Amino acid sequence: MTTIYRDVYSFLELVKKTVMSLFLKPLRVKETFQQLYFVANGSLWIIVFCVCFAAVVTILESSFHMKLVIQNDSMVPGFASLLILRELGAVVTALLLTSRVGAGIAAEVGSMKVTEQIDALRMLGIDPIQFLLIPRLIATTLGCMILCVVANLICIFAAMIISDQVLGYTPSMFLTAMNRFVQFRDLIFSVVKAMFFGMTIPMISCFFGFRCKSGADGVGSATTQSVVFASISIIFLDFILSYTFSYFY
Amino acid sequence: MLEYRNLVKKFGERTILKGINLKINQGEIVFILGTSGTGKSVLLKNTVGLLKPDAGEIWIDGEEVAGFSEFEFLKIRKKCGMVFQHPALFDSLTIYENIAFGLRKHFSLSESEISSRVNRALKLVNIHDINDKRPAEISYGMQKRVSLARTVALEPKVLLFDEPTTGLDPVTTNAINELIKDLSRTLKTTSLVVSHDMPCALSIADRIVVFDQGQIVDQGTPQELLNSKVKLVQEFLAEAKEMLDHDSNVIRGTTS
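Calculation notes
Residues numbered from 1 in each chain as written. Chains lettered and ligands numbered in written order. Predicted model: local features only at pLDDT ≥ 70, side-chain atom pairs only at ≥ 80, totals over all residues. Heavy atoms only, no water. Helix = DSSP H or I, 4+ residues; strand = E, 2+ residues; numbered from the N terminus. Rg over C-alpha atoms; globule rule 2.2 N^0.38 Å. Buried < 20%, exposed > 50% of the residue type's maximum accessible area, 1.4 Å probe, protein only. Contact = heavy atoms within 4.5 Å. Areas by Shrake-Rupley, 256 points an atom, 1.4 Å probe, with all protein chains shown as cover. Lys, Arg positive; Asp, Glu negative; His and termini not counted. Charge placed at Lys NZ, Arg CZ, Asp CG, Glu CD. Disulfide = S-S within 2.5 Å. Pairing = 2+ DSSP bridges. Core = buried A, V, L, I, M, F, W, Y, C linked by side-chain atoms within 4.5 Å.

**A few points about the overall build of chain B**
Link 1 in the chain: Scanning chain B from terminus to terminus reveals 9 helices and 10 strands.
Link 2 in the chain: Here chain B has a C-alpha radius of gyration of 19 Å; the compact-globule value for 256 residues is 18 Å, and the two agree.
Link 3 in the chain: Taken along its principal axes, the extent of the C-alpha atoms in chain B is 55 × 55 × 35 Å.
Link 4 in the chain: Within chain B, buried positions represent 51% of all 256 residues.
Link 5 in the chain: Long-range contacts, defined as pairs at least 24 residues apart, comprise 64% of the intrachain contacts of chain B with a sequence gap of at least 6.
Link 6 in the chain: Working note: accessible area of chain B is about 11800 Å², and carbon and sulfur atoms make up 50% of it.
Link 7 in the chain: Of the side chains in chain B, 32 bear a positive and 33 a negative charge, and the two mean positions are spaced by 3 Å.

**A short note on helix 1 (residues 40-47) of chain B**
Link 1 in the chain: For helix 1 of chain B, a buried count of 7 out of 8 residues is recorded, marking the element as mostly surrounded by other parts of the structure.
Link 2 in the chain: Listing the buried residues of helix 1 of chain B in full gives Lys 40, Val 42, Leu 43, Leu 44, Lys 45, Asn 46 and Thr 47 of chain B.

**What to know about the state of the cysteines**
Residue and element names in this part refer to chain A.
Link 1 in the chain: This model, assessed by the stated rule, comprises 0 disulfides over all chains.
Link 2 in the chain: Unpaired in terms of disulfides, Cys 50 finds its nearest cysteine sulfur in Cys 52, a separation of 9.2 Å.
Link 3 in the chain: Here Cys 148 stays free of any disulfide, with the sulfur of Cys 144 as its closest cysteine sulfur at 6.6 Å.

**Details of the pairing of strand 10 (residues 215-220) of chain B**
Within a regular strand, side chains alternate between the sheet's two faces.
Residue and element names in this part refer to chain B.
Link 1 in the chain: By the bridge criterion, 5 bridges tie strand 9 (residues 207-212) to strand 10 in an arrangement that is antiparallel. By the bridge assignment, Phe 211 is partnered in strand 10 with Ile 216.
Link 2 in the chain: In textbook terms, the turn of a hairpin is the stretch between consecutive antiparallel strands, and for strand 9 and strand 10 this stretch comprises 2 residues, one of which, Gln 213, has a positive phi near 50°.

**Looking at the nonpolar core**
Proteins that are soluble and globular tend to have nonpolar side chains buried together.
Link 1 in the chain: The biggest cluster of nonpolar side chains holds 150 residues, and the ones touching the most others in it are Phe 197 and Phe 210 of chain A together with Tyr 4, Phe 31 and Leu 192 of chain B.
Link 2 in the chain: Residue contributions to this core peak at 17 residues, all from helix 5 (residues 128-167) of chain A.
Link 3 in the chain: When residues no more than four places from it in sequence are discounted, the contact partners of Phe 210 of chain A are Leu 14, Val 109, Lys 113, Ile 118, Pro 128, Ile 129, Leu 132 and Leu 133 of chain A.

Pasting the structure below:
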């Protein structure tokens, strides 16, 4: 139990140092844009592919169960749009970024720790948090927000096509139903969720990377732990944020 | 120049350094020998604040630094350069940028001054024409030399070497050992070298300190160590003799 408290304390220490570095030290602009390109552009097609199938499953499953219970699936377009905007878009994007970007960050920082590059940075008077974490934090946060908007749009578009082709609801019917159910603030809340998820991923990945133990299994273990803890944190944060946003309706 | 007083370092329940007392004079080349896991590298990392001691004092150039913050250690890291066991070069930077990196951070130098210090450091380690290459494009031995050049470029008063010849072939090992000697003589730096290489320690060290289980078990000049009664030292000497005999037999062609 003491170890858990110590780990939580270490993580909070890292958060505190990161916030201080973020506001007090100069930003590595070029590195930040390179990371943003890696996060956003590099993950775009994976996210588009996955959210399309998530939309298909959402529409078909909703229709099947609504028909089963109330013998009518007319509410599916509106209900699915709401589900996509409030949950699916942001959460699926964040979970995919965790496995693609978060794992990469943990492995990269962990390797640097094992090969003493982090110590070398400190010896040269460079703060590893400012050098490594801050550009990744900004890039992943912005990237996650941008990808979340794209994922929401693609997901709704895919849902609209499936509704048209399989359920027989034309795009105009879909948009009318969506207009009745969905509000603009749903999209805003979705982007706010993406912002928190985007901050969580590099923080947790760098935390495990910085405390990586030596050897190949050390890097492997840091990577696995970072993906597991980031995924759990995203699900937990989603609950907290959804609960908080429910007060605004 | 450098002094440790009752230095203690623990990792959890395990005590790695058990009250180290050691004084190193200016310009001295001191080798720290010992088996793996006896706290040799931990001592070096405590010296420059990469690890924090649990008790004791570290004096560098008349200043007690054990309680220094990360910010306060910046000036100590200008004085004390460290060459790591791994080359620890930054993969995304060229060789030139790797060496210039610390100069830009620690000093306010013009680009021409940085260029001249980078080239001088590379010349000291006998490396030419690789300024624009990246670490992955050069051999491990060359990476080690570049790592040395990066530290030397800062012109530190104290050089700390953490197993500088581990994983290198005998030719490069000899070259690195000669470099340590030459650098200490030409730049008048104090050198603290963690190593397993007894023949090298006997040939270039002013003093050899032997560690065992977090404590100093023997120390003295190479000549004094040859007559040591400490079992670990005798084992190191026997190993060194065996290596030298083997090498000379290989040269004579009597052993494959």
